[in-house]
Amino acid sequence: MTAPARSRLQRLGAPALFVLLWSTGFVGAQYGLPYAEPLTFLGLRMVIAAVLLALIAVVARAAVLSRPAQYGHAAVVGLLLHAGYLGGVFVAISLGVPSPVSAVVVSLQPVLTVVLAGPVLGERATARQWLGLALGVAGVAVVVWPGLTAAAGATSLSVAGVAACLVALAAGTAGTVHQKRFGGGIPLLWGTAVQYAAAAAVLLAGALATERMTIRWTGDFVLAMVWLVLALSLGAVLLLLVLLRRGTAAEVSSLLYLVPPAVALEAWLLFGTVPSAVSLAGIALTALGVALVVVPRRRPIAVE
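Residues numbered from 1 in each chain as written. Predicted model: local features only at pLDDT ≥ 70, side-chain atom pairs only at ≥ 80, totals over all residues. Heavy atoms only, no water.

**A word on the overall build of the chain**
Secondary structure assignment for the chain yields 12 helices and 0 strands. Residues counted as buried form 47% of the 304 residues belonging to the chain. Sequence separation of 24 or more characterises 92% of the internal contacts of the chain that already satisfy a separation of 6 or more. Accessible area of the chain: about 14,600 Å², with a carbon and sulfur share of 72%. (Helix = DSSP H or I, 4+ residues; strand = E, 2+ residues; numbered from the N terminus. Buried < 20%, exposed > 50% of the residue type's maximum accessible area, 1.4 Å probe, protein only. Contact = heavy atoms within 4.5 Å. Areas by Shrake-Rupley, 256 points an atom, 1.4 Å probe, with all protein chains shown as cover.)

**Notes on the packing of aromatic side chains**
Summed over the entire model, instances satisfying the criterion amount to 5 aromatic pairs. A ring pair is formed by Phe-18 and Trp-22, whose centres lie 5.3 Å apart and whose planes are at 35 degrees; its orientation type is tilted. In this pair, Phe-18 and Trp-22 both sit in helix α1 (residues 3–32), 4 residues apart, roughly one turn of the helix. In textbook terms, an aromatic cluster arises when at least three aromatic residues are bridged by ring pairs, as seen for Phe-41, Phe-90, Trp-217 and Phe-221. (Phe/Tyr/Trp six-rings, centres within 6.5 Å; stacked < 30°, edge-to-face > 60°.)

**Re the packing of helix α7 (residues 159–182) against helix α9 (residues 219–246)**
Here α7 crosses α9 at 55 degrees, and the two axes come no closer than 9 Å. By the criterion of interaxial angle, the relationship of α7 to α9 is oblique. Viewed along their axes, α7 and α9 form a crossing whose handedness is right-handed. Contacts between α7 and α9 involve Thr-176, Gln-179 and Lys-180 on the former and, on the latter, Leu-241, Leu-244 and Arg-245. A breakdown of the residues in the contact of α7 with α9 according to their chemical character gives 2 nonpolar, 2 polar and 2 charged. (Axes fitted to C-alpha atoms, helices over the stretch in contact; angles between N-to-C directions. Parallel < 35°, antiparallel > 145°, perpendicular 65-115°, else oblique. Left-handed = near helix turned anticlockwise from the far one by under 90°. Nonpolar A, V, L, I, M, F, W, Y, C, P; charged D, E, K, R; others polar.)

**Observations regarding unusual backbone geometry**
Phi at Arg-61 takes a positive value of approximately 55 degrees, unusual for a residue other than glycine. Examined against the element boundaries, Arg-61 turns out to sit in the loop between α2 (38–60) and α3 (68–94). Residue classification places Arg-61 among the exposed residues on the basis of a relative accessible area of 77%. Despite not being glycine, Met-213 shows a phi value in the positive range, around 60 degrees. For Met-213, the position within the fold is in the loop between α8 (188–210) and α9.

**Describing the nonpolar core**
Formed by 54 residues in total, the largest nonpolar core has its most connected members in Phe-18, Trp-22, Phe-41 and Met-46. For this core, the secondary-structure elements that each account for two or more residues are α1, α2, α3, α8, α9 and α11 (259–271). In terms of residues, this core owes the most to one element, α9, which gives 16 residues. (Core = buried A, V, L, I, M, F, W, Y, C linked by side-chain atoms within 4.5 Å.)

**Overview of the packing of α8 against α9**
Orientation of α8 relative to α9, taken along the N-to-C sense of each, is 120 degrees, at an axis distance of 11 Å. In terms of orientation, α8 and α9 fall into the oblique class. Pair α8 / α9 crosses with right-handed handedness. Where α8 abuts α9, its residues Leu-188, Leu-189, Thr-192, Gln-195 and Tyr-196 lie against Ser-233, Leu-234, Val-237, Leu-238, Leu-241, Val-242 and Arg-245. By residue class, the composition of the contact of α8 with α9 is 8 nonpolar, 3 polar and 1 charged.

**So, the confidence of the model for the chain**
Summarising the model, the chain shows a mean pLDDT of 79, and 73% of its residues fall at 70 or more. Across residues 1–10, where pLDDT falls below 50, the model places 3 contacts with residues more than four positions away in sequence or in other chains. Low pLDDT, under 50, characterises residues 299–304; the stretch is placed with 0 contacts to residues that sit more than four places away or in other chains. (pLDDT = per-residue confidence, 0-100.)

**Description of the environment of Ala-201**
Mapped onto the secondary structure, Ala-201 falls in helix α8. Sequence separation between Ala-201 and Val-47 is 154 residues, and the spatial gap between their C-alpha atoms is 8.5 Å.

**Some thoughts on a nonpolar patch on the surface**
A cluster of nonpolar side chains, Val-47, Ile-48, Val-51, Leu-52, Leu-55, Trp-217, Val-222, Val-226 and Leu-230, forms an exposed patch at the surface whose accessible area comes to about 760 Å². For the nonpolar patch, the elements supplying multiple residues, two or more each, are α2 and α9. Per-element tally for the nonpolar patch: the top contributor is α2, with 5 residues. With respect to the helices and strands, Trp-217 occurs in the loop between α8 and α9. (Patch = residues over 30% accessible without salt bridge, like charges linked within 9 Å, V, L, I, M, F, W, Y side chains within 5 Å. Salt bridge = Lys/Arg side-chain N within 4 Å of Asp/Glu carboxyl O.)

**Regarding the environment of Gln-179**
For Gln-179, the position within the fold is in helix α7. A relative accessible area of 6% means that Gln-179 is categorised as buried. Residues Gln-179 and Val-77 lie 102 residues apart in sequence; the distance between their C-alpha atoms is 6.2 Å. Not counting the four nearest positions on each side in its chain, Gln-179 is found in contact with Val-77, Gly-184, Gln-195, Leu-241 and Leu-244.

Shown next as C-alpha cells:
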C-alpha cells in the first residue's frame, strides 16, 4: 500500500469509528428509557461521565483550563450538545417519537451547520459540498422511509415530541458551530469534563422540576448506562471534538448523515432485520453524499 493510500485510510478511521459509536446511542436510549425518565437518565449519565473524565484527566496530568472564558465556552457547548441535543432526543423517544422519525429530523443538522458556518465561521461550502449535502438528505430519507410509513400508520406523533426533536436539531447545530469557533484552544479532557458538569446541572434541575426521578435498576438499564457512558460520552464525544479541531464544521456534521444507515445495518447484524434493496440504495446514496462533502478533491499533478 502506498503512503498516500495509507494516510487516507488513517484519516477515515476516526470518522468511521465516530459514526459506529454515535449510531449506538439510539439503541442505548431505547434500552434504558423504560426504566428511568429521560432527564433523570441523561443527568445521571452526565454526572458519571464528568467524574470519570475528571479522574482520567488527573491521572493523565492533563492540561487544565487557564482562563475563565474557556470555562464559559465549555459550559455553553455542554448545555447545547449534551443537555439540548441529547436531552431533546431522549425526551422525544420517551414521548413515543419513533427512532426513524427523530433520526430524520436530526439528520438535517449538516445543512443548518453549513448555513451557520458561512457567516459565523467564514466557511464557504462549495457547489460540490452542497450537492453532497443534498444527496445525504435524500439518502437518509430513502433509508428510513419504510420505518416512517410504518410509524405513521401505528402511532400519532405528539406536538411535544416533535418539538423536542426540533430543539435537539437546533441545539446540536449551535453546539457544533460554537465548539468549532471557540473550542480549539480548550484542553480536551478537562474541557469535556466541564461540558458534562454543566449539562448535568441543568438536566438534573429539569428532572427535579418535572420528573419523579425514580430509577429501576434492572440489568438492561445498567448495561445501557455503562455503554452510553463509556462508548458515547467517553468515546464518541471525544472523537467528535477531535474531529472538529481537524476539519470544518460542515465536514464533521455531515458524518451524522451516516448514523441512520449505520443503525439500519446494526439492526440487521444484531436483530436479523434484513435491509431492503431500497434501504441499501439509500445507504449508498448517503455514503456518496458524505464523500462529496468530506473527501478533498484530488489536485492535478503538475508535469514539469
